[in-house]
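# Examining the three-dimensional arrangement
Listed below are the residues making up each chain.
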Amino acid sequence: MIALLFLSSGLFLGWSLGANDASNIFGTAIGTRMVRFKTAAIIASIFVILGAVISGSGPSQTLGRLGEVTAVAGAFSVALSAGLTVLWMTRTKLPVSTSQAIIGGIISWSIFAQVEPEWSILIKIVFSWFLSIILAAIFALILYHLIGKLVAIIRVHLFRIDLYTRLGLIAVGAFGAYTLGANNIANVVGVFVPSTELSNLVIFGLSVSAAQQLFFIGSLAIALGIITYSKRVIETIGKNVIKMTPQAAFVAVLAASLVLFLFTSRSLESFLLSRNLPSIPLVPISSSQVIIGSLVGIGFAHGGRGLQAGPLLRILGGWITTPIIAALMTYGVLFLMDNVFGQSVG
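Just so it is clear, the model here is predicted, and its values are computed rather than measured.

Moving on, we come to the overall build of the protein chain. Along the backbone of the protein chain there are 13 helices and two strands. Here the C-alpha atoms of the protein chain give a radius of gyration of 20 Å, agreeing with the 20 Å that 2.2 N^0.38 yields for 346 residues. Each principal axis of the C-alpha atoms in the protein chain carries an extent, and together these give about 70 × 50 × 40 Å. The buried share of the protein chain, taken over its 346 residues, is 54%. Contacts in the protein chain between residues far apart in sequence, at least 24 positions, make up 88% of those at least 6 positions apart. Of the roughly 15300 Å² of accessible surface on the protein chain, 69% is carried by carbon and sulfur atoms. Positive and negative charge centroids in the protein chain, built from 19 and 9 side chains respectively, lie 23 Å apart.

See below:
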């Protein structure tokens, strides 16, 4: 029962992630009025659960190596603080990085518990944040030109283009939700994997590990956040950063989803390593950052016209302050748990 009580902060973080990050998957589709919110929420909820359970192990292991929070009270403090930070940013309608919030919390826990974090892992994660933004912008720029040329060559009727675009937005939205669940479930329950003791289950002959059980519970919380509270941030992504056409919306989500996939896929990593090629690190990256990178790439495709500097600067400010706020809040919660409630935090 105590373990479930502590796990509640992870579920709260998952709800906050769903409320904030669903906009990164379907915000552009809803902003261009090509997909209804209800339809998008249902599709995103289903595929985020599938992605978390089937493909969520890679980024979670990397996050665990950064700082293994071995006490469940410590994991509770980190997840609660990250969740409150993301909720605060969601209420200000800013798409922020849950990855940055949880990393800020883990570093704060390492300082409080006097545990040396794995700095090489931290450097890899931070480098991946910058790399993911650049890749998203490049992918979006290339895809925008390719799809524009393809449409011009095929000369599809306007009504068919509209239908194909709607179907395409739904398809890439489902793919994006899958990759969001696979990559970002590490942020939700990754800190609980070392400290939560769950037995493996066998369901219809299939073995379900303790980690997969946590991934499933956490992904349900993400889905609930998508359904109940994600509309607030969708307006920022879908309307305020850049004026979008339906085709541009499709490109933005496809580019962002491909980048999330690159940083999540164990199969791709194994394929590259088997051929002695450099691999993409399996780390939790920010879906908010990659979708903004995609939108900027589309803006560059238009020569920079249409990009709204004001909203972009506000979003950038949110990215800078998120890990700082999460770290400070985590330290305060850890102090209370250790000195007031007498719970060992690590």
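The next point concerns the packing of aromatic side chains. A complete count under the given rule lists four aromatic pairs for this structure. A ring pair is formed by Phe12 and Trp15, whose centres lie 6.4 Å apart and whose planes are at 15°; its orientation type is stacked. With a gap of three residues between them, Phe12 and Trp15 both fall in helix 1 (residues 2-31), about one helical turn apart. With relative accessibility at 22%, the residue Phe12 sits in the partly exposed group. Ring centres 5.2 Å apart and planes at 80° place the aromatic pair Phe112 and Tyr331 in the edge-to-face group. Of this pair, Phe112 sits in helix 5 (residues 98-113) while Tyr331 sits in helix 13 (residues 309-339); the two residues are 219 residues apart in sequence, bridging distant segments of the chain. Residue class for Tyr331 comes out partly exposed when judged on its relative accessible area of 40%. Members of the aromatic cluster, each reached through a chain of ring pairs, are Phe12, Trp15 and Tyr229.

Once that is clear, we can look at helix 4 (residues 72-91). Along its 20 residues, helix 4 runs 28 Å from first to last C-alpha, staying within 8% of the 28 Å computed at 1.5 Å per residue. Counting buried positions along helix 4 gives 16 out of 20 residues, so the element sits mostly inside the fold. Lys93 occupies a position one or two residues after helix 4 and carries a positive phi of about 65°.

Bringing unusual backbone geometry into the picture now. It is generally the case that most residues other than glycine have a negative phi and that most peptide bonds are trans. The backbone of Arg33 shows a phi angle near 60°, a positive value even though the residue is not glycine. Of note, Arg33 is situated in the loop between helix 1 and helix 2 (37-55). Overall, Arg33 belongs to the exposed group, its relative accessible area being 69%. Not every positive phi belongs to a glycine, and Gln114 is a case in point at roughly 55°. Here Gln114 is to be found in the loop between helix 5 and helix 6 (119-154).

Attention shifts here to the packing of helix 4 against helix 5. Running from amino to carboxyl end, helix 4 crosses helix 5 at an angle of 140°, the nearest separation of the two axes being 9 Å. Between helix 4 and helix 5, the crossing angle belongs to the class labelled oblique. As helix 4 packs across helix 5, the resulting crossing turns out to be right-handed. Of the residues in helix 5, those in contact with Gly74, Val78, Ala79, Ala82 and Val86 of helix 4 are Thr98, Ala101, Ile102, Gly105, Ile106 and Trp109.

The end-to-end C-alpha distance of helix 10 (residues 246-262), which contains 17 residues, comes to 25 Å, matching closely the 24 Å that a straight helix rising 1.5 Å per residue would cover. Counting buried positions along helix 10 yields 13 of 17 residues, so the element is predominantly enclosed.

Before going further, it helps to examine the side chain of Thr165. Mapping Thr165 onto the fold places it in helix 7 (residues 158-189). With residues near it in sequence (within four places) discarded, Thr165 still touches Met34, Pro246 and Gln247.

Turning our attention to a nonpolar patch on the surface. There is a patch of nonpolar side chains on the surface, built from Ile42, Ile46, Phe47, Leu50 and Ile54 and spanning about 440 Å² of accessible area. Positionally, Phe47 belongs in helix 2. The class of Phe47 is partly exposed, set by a relative accessible area of 31%.

What follows concerns the packing of helix 6 against helix 12 (residues 287-301). It is the contact of helix 6 with helix 12, at a shortest axis distance of 7 Å, that shows an interaxial angle of 40°. Classed by the angle they form, the pair helix 6 and helix 12 counts as oblique. For the crossing formed where helix 6 meets helix 12, the hand is right-handed. Of the residues in helix 12, those in contact with Trp129, Ser132, Ile133, Ala136, Ala137, Ala140, Leu141, Tyr144 and His145 of helix 6 are Gln289, Val290, Gly293, Ser294, Gly297, Ile298, Phe300 and Ala301. Of the residues that constitute the contact of helix 6 with helix 12, the class distribution is 11 nonpolar, six polar and no charged.

This part covers the environment of Leu146. For Leu146, the position within the fold is in helix 6. With relative accessibility at 52%, the residue Leu146 sits in the exposed group.

What counts as what
Residues numbered from 1 in each chain as written. Predicted model: local features only at pLDDT ≥ 70, side-chain atom pairs only at ≥ 80, totals over all residues. Heavy atoms only, no water. Helix = DSSP H or I, 4+ residues; strand = E, 2+ residues; numbered from the N terminus. Rg over C-alpha atoms; globule rule 2.2 N^0.38 Å. Buried < 20%, exposed > 50% of the residue type's maximum accessible area, 1.4 Å probe, protein only. Contact = heavy atoms within 4.5 Å. Areas by Shrake-Rupley, 256 points an atom, 1.4 Å probe, with all protein chains shown as cover. Lys, Arg positive; Asp, Glu negative; His and termini not counted. Charge placed at Lys NZ, Arg CZ, Asp CG, Glu CD. Phe/Tyr/Trp six-rings, centres within 6.5 Å; stacked < 30°, edge-to-face > 60°. Expected span 1.5 Å × (residues − 1). Axes fitted to C-alpha atoms, helices over the stretch in contact; angles between N-to-C directions. Parallel < 35°, antiparallel > 145°, perpendicular 65-115°, else oblique. Left-handed = near helix turned anticlockwise from the far one by under 90°. Patch = residues over 30% accessible without salt bridge, like charges linked within 9 Å, V, L, I, M, F, W, Y side chains within 5 Å. Salt bridge = Lys/Arg side-chain N within 4 Å of Asp/Glu carboxyl O. Nonpolar A, V, L, I, M, F, W, Y, C, P; charged D, E, K, R; others polar.

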